[in-house]
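Reading the structure
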Amino acid sequence: VDLDQFIAAVEVLRRPELAGLPVVVGGRGDPTERGVVATASYAAREHGVGSGMPLRIAARKIPDAVFLPVDKPAYDEASARVMDTLRSLEWGGVPVVVEVLGWDEAFLGPGEGHGDLGDPREFAEHIRRTVHEATDLTCGVGIGDNKLRAKIATAFGKRGEGDGSGVGYLTAAEWDAVMGDRPTTALWGIGARIGKRLTALGVHTVRELAESD
């Protein structure tokens, strides 16, 4: 489960007039100071602003963006409400198991002794509805037969990254067809730096990596 533009979304809930505007959260909210973007709203991402970018560069890309300071207590509180909501869910007749990854992400799976789980896509939609009703925040859900594939699958339903449905699906059966021709950086844990090192070794795609010594 991956919350959508979490930090920016929390700020928009507090300031509804910011909905749909390019919102950039980072540092003390002053783009003239040293600091990096913590989260950018979807409207800001459309201009190429993303997490980790220096605030001054974000300001060059979107001079009229709304810049806000990081408010950790507010995000802690919102995250706690989401995680409590996830822990309250049952799947297959038993409470789910939740493994929190941070403010805005968690793995969720069936608990011990569960009954029939049904279609995981239906449960994914139930998760999305329940989180939204309880917190007014939206989330994407990736379905996979292990954590790696579930994590990657979240992007397939995300706005701007996938089909926008909110639910992605990736198992071993689809792995090669879906992931084989993608760059190695499509894998969770491989960033730009490692991707460049792999390219220097002649490894450009996930399939090439899988076939490597």
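Structure first, text after, so check above.
Conventions used here
Residues numbered from 1 in each chain as written. Predicted model: local features only at pLDDT ≥ 70, side-chain atom pairs only at ≥ 80, totals over all residues. Heavy atoms only, no water. Helix = DSSP H or I, 4+ residues; strand = E, 2+ residues; numbered from the N terminus. Polar contact = N/O pair within 3.5 Å; in protein donor to acceptor, adjacent residues only side chain to side chain. Contact = heavy atoms within 4.5 Å. Core = buried A, V, L, I, M, F, W, Y, C linked by side-chain atoms within 4.5 Å. Buried < 20%, exposed > 50% of the residue type's maximum accessible area, 1.4 Å probe, protein only. Expected span 1.5 Å × (residues − 1). Arc of directions from axis to C-beta.

Examining the side chain of Asp4
Along the chain, Asp4 turns up in the loop between β1 (2-3) and α1 (6-14). Polar contacts involving the side chain of Asp4 include one to the side chain of Thr138, which spans 2.7 Å. If we skip the residues at most four places from it in the chain, Asp4 touches Ala9, Tyr42, Thr138, Cys139, Gly140 and Lys158.

Here's the deal with the nonpolar core
In terms of nonpolar packing, the biggest core is built from 29 residues, with Leu3, Phe6, Tyr75, Leu86, Ile127, Val131 and Leu137 touching the most fellow members. For this core, the secondary-structure elements that each account for two or more residues are α1, β2 (23-25), α4 (72-87), α5 (120-135) and β9 (139-144). Of the residues forming this core, the biggest block, six residues, is contributed by α4. In contact with Leu137, not counting residues within four places along its chain, are Leu3, Phe6, Ala9, Val10, Leu13, Ala78, Val82, Val131 and His132.

Things to note about α5
Helical geometry: 3.6 residues make up each α-helical turn, so side chains three or four residues apart lie on a common side. The terminal C-alpha atoms of α5 lie 22 Å apart, and with 16 residues this matches the ideal 22 Å at 1.5 Å per residue to within 8%. Buried within α5 we find Phe123, Ala124, Ile127, Thr130, Val131 and Thr135. The arc enclosing the buried residues of α5, seen along the axis, measures out at 130°, which places them on a common side. Every exposed residue of α5 that faces more than 90 degrees away from the buried side is listed here: Glu122 and Glu133. N-capping of α5 is provided by Asp119, with a side-chain oxygen placed 2.9 Å from the backbone N of Arg121.

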